[in-house]
Amino acid sequence: MSLGGPEQDVSGARPASRPAPRRADAGTPGGFPAPAPEDPIPFRFEPGGFLLVLSGPSGAGKGTLVERLVAARPECVFSISATTRPKRPNEADGVQYEFVTPAEFERRRSAGLFLEWAEVHEHLYATPARFVDEQVRAGRVVVLDVDVQGGASVRRARRDAVSVFIYPPSIDALRQRLLKRNTDAAGVVETRLRNAPGELAEWREYDYLVMNDDLEQAVARLTAIVDAECARVRRLHPRS
Ligand code: ADP
Ligand code: 5GP
């Protein structure tokens with residue numbers, strides 16, 4: 001079938017009018033270097049692991065989106081941070097966070113066990129370096145839920161990281177969500193809402209923005225980002 005252009009030559013012979021490839025090593029009709037005869041042609045490709053950094057103000061829906069993403073994509077694994085913040089009633093140690101004392105946090109920080117750390121809403125939070133690096137080496141997409149300071153540190157430390165800003169539809173929606181979540185005292189909610197405009201101002205630093213208004217659309221957008229990043233040619237390893 002012709003699509004309106006000149007008839008295509010599918011025989012592999014070069015039409016007389018087309019210039020010959022300039023590369024001395026070009027050994028195929030299209031000008032591509034010929035593979036060495038011992039290299040099998042790959043028909044399976046696996047992406048290498050990488051970090052997926054999610055940031056956004058408290059109540060934007062990061063935790064909810066992480067849960068949905070990890071359930072939808074087996075290659076995604078959540079990195080459990082260490083924090084000095086008090087545990088909420090609906091949380092378990094070692095699930096959402098590892099809850100540690102300020103002394104233990106300082107011990108790990110000075111021993112160089114953190115990829116990054118920051119003070120956020122009056123508490124300390126940190127990403128464990130070893131878990132993250134082991135999982136990336138094993139080919140996983142390691143999902144980090146970190147504040148905008150952590151996002152900047154990770155982008156500096158791991159150039160290959162993919163960063164996504166989770167954006168709420170309004171400040172009022174943030175307030176409603178934090179009140180409905182009912183995990184923080186009124187004063188804590190107010191601190192978080194006060195910090196939200198400064199955090200929102202950082203969205204341009206990220207690779208992607210996901211608007212979390214309709215949850216299902218936000219989940220679809222986030223999984224599409226992960227799928228596209230997993231298809232990047234530079235991440236792919238041929239498997240025979
Ligand atoms: P974060 O981790 O960013 O602080 P959460 O994931 O805990 O935010 O979400 C805050 C609250 O908002 C939770 O109660 C969650 O169920 C709710 N929520 C998350 N996404 C949406 C959405 N798109 N629409 C309405 N409520 C949402
Ligand atoms: P929360 O107390 O609501 O779970 O989290 C408060 C803030 O801390 C959120 O912005 C969250 O992204 C951030 N946070 C959680 N873990 C880490 C971490 O390991 N490092 C940094 N820098 N921030 C984190």
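Residues numbered from 1 in each chain as written. Chains lettered and ligands numbered in written order. Predicted model: local features only at pLDDT ≥ 70, side-chain atom pairs only at ≥ 80, totals over all residues. Heavy atoms only, no water.

Our next topic: the site of ligand 2. Lining the immediate environment of ligand 2, one finds 17 residues, of which Arg85, Tyr97, Tyr125, Asp145 and Arg192 sit closest. Interatomic distance of 2.5 Å between a side-chain N/O atom of tyrosine 97 and an oxygen atom of ligand 2. Interatomic distance of 3.5 Å between a backbone N/O atom of valine 146 and an oxygen atom of ligand 2. Relative to its unbound accessible surface of 510 Å², ligand 2 loses 96% to contact with the protein. With respect to the pocket detection grid, ligand 2 is positioned in the largest pocket. Listing elements by their share of the shell around ligand 2, those giving two or more residues are β6 (114–120) and β7 (123–128). Split into classes, the residues belonging to the shell around ligand 2 amount to six nonpolar, four polar and seven charged. (Near = heavy atom within 4 Å. Polar contact = N/O pair within 3.5 Å; in protein donor to acceptor, adjacent residues only side chain to side chain. Areas by Shrake-Rupley, 256 points an atom, 1.4 Å probe, with all protein chains shown as cover. 1 Å grid on protein atoms, 1.4 Å probe; cavity = no way out; pocket = protein on both sides within 12 Å on 5 of 7 lines; lining within 4 Å. Sits in = over half its atoms within 2 Å of the grid points. Helix = DSSP H or I, 4+ residues; strand = E, 2+ residues; numbered from the N terminus. Nonpolar A, V, L, I, M, F, W, Y, C, P; charged D, E, K, R; others polar.)

Before going further, it helps to spend a moment on the sheet that holds β7. Consider a sheet: its strands pair through backbone hydrogen bonds, and that pairing is either parallel or antiparallel. The strand order across the open sheet built from four strands is β5-β4-β7-β6, with neighbouring strands paired in mixed fashion. On the outer flanks of this sheet lie β5 (97–99) and β6, each paired with one strand and no other. Within the sheet, the average angular offset between the axes of one strand and its neighbour, ignoring direction, is 25 degrees. Of the strand pairs in this sheet, strand β4 (residues 81–83) and β7 are connected by two bridges, and their pairing is antiparallel. Across the sheet, alanine 82 pairs through a bridge with alanine 126, a residue of β7. (Pairing = 2+ DSSP bridges. Axes fitted to C-alpha atoms, helices over the stretch in contact; angles between N-to-C directions.)

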